[in-house]
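Coordinate analysis (summary)
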Amino acid sequence: MTERLSPGDTAPEFTLTSDTGEDVALSDFLGRKVIVYFYPAAMTPGCTKQACDFTDSLDSLQAQGYEVVGISPDKPEKLAKFRERDGLTITLLSDPDKAVLADYGAFGEKKLYGKTVEGVIRSTVVVDEDGKVFLAQYNVKATGHVAKLRKDLKLNLADEQPGNGA
């Protein structure tokens, strides 16, 4: 079982290839908060729901200082098809050897339909402006996760609505 991260840990540095073929590093986000989420496979129902929820929330998350990065073992070409098919606007990164997934505790034994298997553990790690783990969540549900994350981060959609109690 890979070690899970905890708040206050230094987030492991990574450089991975995006769906557009660019290298993206965690250090590219220093000075900004970044939500790094790990998902098993592009273009599957749960992963699509989660990616679409993050895309739908991206503007409001960015307005509150957060970037979003999704990481899966899929090759960049499959991620590009995923982005195009579902109109995704979040950053999608490829980790085919699963090294970053393991570094973040997002790969290992999990229960799948009652059996213990080894695979991607759907997880979200929020990294602060200094590269430290602010929040780490493991075995998250695909559906409703973005709403729960917003609540856990105390981000309220109503905060950004014009005329809200002003």
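Quantities reported herein were computed from a predicted structural model and do not represent experimental measurements.

Observations concerning helix α4 (residues 145–152)
Along α4, the positions that sit buried rather than exposed are His-145, Val-146, Leu-149 and Arg-150. Summarising the axial view, the buried residues of α4 lie within an arc of 135 degrees, below the 170-degree limit, and thus occupy one face. Turned more than 90 degrees off the buried face of α4, the exposed positions are Ala-147 and Lys-151. On the buried face of α4, the contacting elements are β3 (33–38), α1 (45–63), β8 (123–127) and β9 (133–138).

Digging into the layout of surface pockets
Unoccupied space between atoms shows up once a probe the size of one water molecule is rolled over them. Estimated volume of the largest pocket: approximately 290 Å³. Of all the elements, strand β6 (residues 107–112) adds the most residues to the lining of the largest pocket, at 3 residues. The residue inventory of the lining of the largest pocket, partitioned by class, reads 7 nonpolar, 1 polar and 4 charged.

Here's the deal with the environment of Gly-8
Tracing the backbone through its elements, the reader meets Gly-8 in the segment before β1 (15–18). Here the alpha-carbon distance between Gly-8 and Gly-131, two residues 123 residues apart in the chain, equals 9.4 Å. In this view, Gly-8 contacts Lys-132 and Val-133; residues no more than four positions away in its chain are not counted.

Brief notes about the UniProt feature "active site" (unreviewed entry) in the protein
The sites that UniProt annotates as "active site" (unreviewed entry) are Cys-47. Apart from the residues within four sequence positions on either side, Cys-47 is in contact with Tyr-39, Pro-40, Ala-41, Phe-82 and Arg-122.

Description of the packing of α1 against α4
Following both chains from N to C, one finds α1 and α4 inclined at 40 degrees, their axes separated by 9 Å at the closest point. Facing α1, whose interface residues are Gln-50, Asp-53, Phe-54, Ser-57, Ser-60 and Leu-61, α4 presents His-145, Val-146, Leu-149 and Arg-150. Here the residues of the contact of α1 with α4 sort into 4 nonpolar, 4 polar and 2 charged.

Looking at the packing of aromatic side chains
For the coordinates displayed, the defined rule picks out 5 aromatic pairs. Seen from their ring centres, Phe-14 and Tyr-104 are 6.1 Å apart, and the 65 degrees between their planes marks the pair as edge-to-face. In this pair, Phe-14 is assigned in the segment before β1 and Tyr-104 in the loop between α3 (99–103) and β6, connecting sequence segments 90 residues apart. Ring geometry for Tyr-37 versus Phe-54: centroids 4.5 Å apart, planes at 25 degrees, classification stacked.

About the cut-offs
Residues numbered from 1 in each chain as written. Predicted model: local features only at pLDDT ≥ 70, side-chain atom pairs only at ≥ 80, totals over all residues. Heavy atoms only, no water. Buried < 20%, exposed > 50% of the residue type's maximum accessible area, 1.4 Å probe, protein only. Helix = DSSP H or I, 4+ residues; strand = E, 2+ residues; numbered from the N terminus. Arc of directions from axis to C-beta. Contact = heavy atoms within 4.5 Å. 1 Å grid on protein atoms, 1.4 Å probe; cavity = no way out; pocket = protein on both sides within 12 Å on 5 of 7 lines; lining within 4 Å. Points joined across faces, edges and corners; volume = space filled by probe spheres on them. Nonpolar A, V, L, I, M, F, W, Y, C, P; charged D, E, K, R; others polar. UniProt positions renumbered as here; feature names shortened; annotations may be inferred. Axes fitted to C-alpha atoms, helices over the stretch in contact; angles between N-to-C directions. Phe/Tyr/Trp six-rings, centres within 6.5 Å; stacked < 30°, edge-to-face > 60°.

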